[in-house]
Amino acid sequence: MSASTTATETDPETLGWMKGFPPAPDRTIAFQDGSFRSFPELRWAWSNVRQLVPTVNVWRGAGPASVLPREDHDIGASASVTMDGRPMTFAKMLEETYADGIAVLHRGKLIYERYFGALKPHKPHIAMSVTKSFTGVLAGLLVTEGRIDPQAPVTDYVPELKVSAFGDAKVHEVMDMTTGLEYTEVYTDRNSAVWGLRRANGMAPIEPGYDGPTTIFDFLRVQRKQGEHGKAFAYKTVNTDVLAWICRRASGMTLSDLLSERIWTPMGAEEDAHYHVDCIGTESGGGGLSTSLRDLARFGETMRNHGRFNGRQIVPASVVEDIARGGDPDKFKPAGYTTLPGASYRNQWWVTHNAHGAYMARGVHGQGIYIDPKAEMVIARYASHPVAGNAANDPVTLPAYMALAKDLVAGG
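Named according to an unreviewed UniProt entry, the protein chain is 6-aminohexanoate hydrolase originating from Bradyrhizobium centrolobii.

What follows is the structure in structure tokens.
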């Protein structure tokens, strides 16, 4: 990339996006013209979703925020080597991958916290597909309570999907994304089905003359099958939106109320979170959650501690352990993720099967939770990388995370 597109050069504060009353026309970012998805505008937009689209709150509850004890370490000099052989430091990695915020926990203590661009400690940033991992954990909770049966047909919970690709799918195939679907998820192709999903879920404008589905529920009902269910992993967000629909039906609650009651409140979240919603108020369970960075870190720490946080068991340990064990690497391999060799996918989480047993929640443009059980480390990261796919930042971020983990293990 040229120097003009570095993180420093595209800092939204420096460029003056949305400053002034009103902002200058060439510094205004809007939903309807799609400019919020352009780079560098998205460096402002991902920290300000509420100014662009309708949202619904995830209430933090009335209690105090849980304590995140601090023990600052300047880990910026932690040295790694990128996948293409370049020397790198942790601080340089953040700059090169357009980080908006990073929080590192070691043994439950916040050792490093930095903010860049438009993000502030109290502000929510869109988590993109990290949202999926929250949906997976909520589904796991309902499974342990006997309200969802992973072996049951999807249609036991959502009969409306009988005519769709999901009409003969099992719940566990949706959870692990091993359904056979015609749906495609190519972020750079405006004809890809993911753009139809974005129109339906409220994250892309509806063009004049468009006659496709305009709600999440309607979009899921018209999905077509391609191939067999249960054979191979293929990353397709519609699976998560089906799982979210199952969670709503099984619990009798909206996704936002379910997350508030079961995780956000007991976790002692510092801030409300929010989901963006479609035109009838349905949350995007596959990519619509925005949270503060520290609350994202709290959720990661809850997972690292086998579901226990803030003095209580929030998520059953069996749910976390099932995720951390991972799925079938043989079903994952055909998907061709060159930056994730030997990995698998389990209940909306990415499992590395590396020497530290690390597993991850991942979202486009560089969002992530990285949990390293051996190093007792959690990294929560928000970003606004110009390239959507994580193959753009994995070669820099993943080696930096592993190098830091080794530093922490060595340091005792």
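A. Broad picture of the UniProt feature "domain: Beta-lactamase-related" (unreviewed entry) in the protein chain. UniProt feature "domain: Beta-lactamase-related" (unreviewed entry): in the numbering of this structure it lies at residues 101-387. With 29% helix and 17% strand, the stretch residues 101-387 has end C-alpha atoms that lie 17 Å from each other.

B. Spatial organisation of the nonpolar core. Core analysis: the biggest nonpolar cluster contains 74 residues, and Ile263, Phe299, Met303 and Trp349 have the highest contact counts within it. For this core, the leading source of residues is helix H8 (residues 238-251), giving 8 residues. Listed in part, the 32 residues of the second largest apolar core include Met88, Ile111, Ala343 and Ala405.

C. How the structure looks around the packing of aromatic side chains. According to the stated counting rule, one finds 21 aromatic pairs in the structure shown. Geometrically, the ring pair formed by phenylalanine 39 and tyrosine 98 is edge-to-face, given 5.6 Å between the ring centres and 90 degrees between the ring planes. Placement of phenylalanine 39 in the loop between helix H1 (12-15) and helix H2 (42-45) and of tyrosine 98 in the loop between helix H3 (90-96) and strand S4 (99-106) is noted, with a sequence separation of 59 residues between them. Classification of tyrosine 98 by relative accessible area gives buried; the value is 3%.

D. Seen up close, the side chain of serine 35. With respect to the helices and strands, serine 35 occurs in the loop between H1 and H2. A polar contact is formed between the side chain of serine 35 and the backbone nitrogen of alanine 30, at a distance of 3.0 Å. Once you skip the residues sitting within four places of it in the chain, serine 35 turns out to touch Thr28, Ile29, Ala30 and Glu41.

E. View of the sheet that holds strand S1 (residues 55-58). In space, the 4 strands of this open sheet follow the order S1-S7-S8-S6, with antiparallel pairing throughout. The sheet is open, and its two borders are formed by S1 and strand S6 (125-126), each paired with just one other strand. Strand direction decides the pairing type here: S1 and strand S7 (residues 273-276), joined by 4 bridges, are antiparallel. Bridge pairing in S7 links asparagine 57 to histidine 274.

F. Structural view of helix H13 (residues 394-411). With 18 residues, H13 ought to run about 26 Å at 1.5 Å a step, and its terminal C-alpha atoms sit 25 Å apart, in line with that. With respect to burial, H13 is a largely interior element, 13 of its 18 residues being buried.

G. Looking closely at unusual backbone geometry. A cis amide bond, omega 5 degrees, links phenylalanine 21 with the succeeding residue proline 22. A positive phi is found at methionine 18, a non-glycine position, where the angle reads about 55 degrees. The residue methionine 18 is located in the loop between H1 and H2 in this model. Unlike most non-glycine residues, histidine 353 shows phi in positive territory, near 55 degrees.

H. Structural view of the pattern of salt bridges. Tallied over the full model, the rule gives 25 salt bridges. The salt bridge partner of lysine 19 is glutamate 13, with a shortest N-O separation of 2.9 Å. With a relative accessible area of 43%, lysine 19 lands in the partly exposed category. On the basis of relative accessible area, glutamate 13 is assigned to the partly exposed category, the value being 36%. Through salt bridges with shared partners, one network takes in Arg70, Glu113, Glu270, Arg294, Asp295 and Arg298.

I. Helix H9 (residues 255-264), seen in detail. Taken across its 10 residues, H9 has 8 buried, putting it largely inside the fold. Within the sequence span of H9, burial applies to Leu255, Ser256, Leu258, Leu259, Ser260, Arg262, Ile263 and Trp264. Packed against the buried residues of H9 are S1, helix H4 (130-144), H8, S7, strand S8 (289-291) and helix H10 (293-304).

J. Representation of the sheet that holds strand S11 (residues 344-346). If you trace the 7 strands from one edge of the open sheet to the other, you get S5-S4-S15-S14-S13-S12-S11, paired in antiparallel fashion. Bordering the open sheet on either side are strand S5 (109-115) and S11, each of which pairs with just one other strand. Strand-to-strand twist in this sheet, taken as the mean axis angle between neighbours without regard to direction, amounts to 20 degrees. With 5 bridges connecting them, strand S13 (residues 359-363) and strand S14 (residues 367-372) associate as antiparallel partners. Of the residues in S14, the one forming a bridge with arginine 362 is glycine 368. Across the sheet, H4 touches S11, strand S12 (349-351), S13 and S14, and the angle it forms with S13 is around 125 degrees. Docked against the sheet, H13 engages S4, S5, S13, S14 and strand S15 (377-383), running at close to 150 degrees with respect to S15.

K. Summary view of the packing of H4 against H10. With their axes 12 Å apart at the nearest point, H4 and H10 run at an angle of 45 degrees to one another. One element, H4, and the other, H10, form an angle in the oblique class. In this structure, H4 meets H10 at a crossing whose hand is left-handed. Contacts between H4 and H10 involve Val130, Ser133, Phe134 and Val137 from the former and Leu296, Phe299 and Met303 from the latter. Residues that form the contact of H4 with H10 fall into these classes: 6 nonpolar, 1 polar and no charged.

Calculation rules
Residues numbered from 1 in each chain as written. Predicted model: local features only at pLDDT ≥ 70, side-chain atom pairs only at ≥ 80, totals over all residues. Heavy atoms only, no water. UniProt positions renumbered as here; feature names shortened; annotations may be inferred. Helix = DSSP H or I, 4+ residues; strand = E, 2+ residues; numbered from the N terminus. Core = buried A, V, L, I, M, F, W, Y, C linked by side-chain atoms within 4.5 Å. Buried < 20%, exposed > 50% of the residue type's maximum accessible area, 1.4 Å probe, protein only. Phe/Tyr/Trp six-rings, centres within 6.5 Å; stacked < 30°, edge-to-face > 60°. Polar contact = N/O pair within 3.5 Å; in protein donor to acceptor, adjacent residues only side chain to side chain. Contact = heavy atoms within 4.5 Å. Pairing = 2+ DSSP bridges. Expected span 1.5 Å × (residues − 1). Salt bridge = Lys/Arg side-chain N within 4 Å of Asp/Glu carboxyl O. Axes fitted to C-alpha atoms, helices over the stretch in contact; angles between N-to-C directions. Parallel < 35°, antiparallel > 145°, perpendicular 65-115°, else oblique. Left-handed = near helix turned anticlockwise from the far one by under 90°. Nonpolar A, V, L, I, M, F, W, Y, C, P; charged D, E, K, R; others polar.

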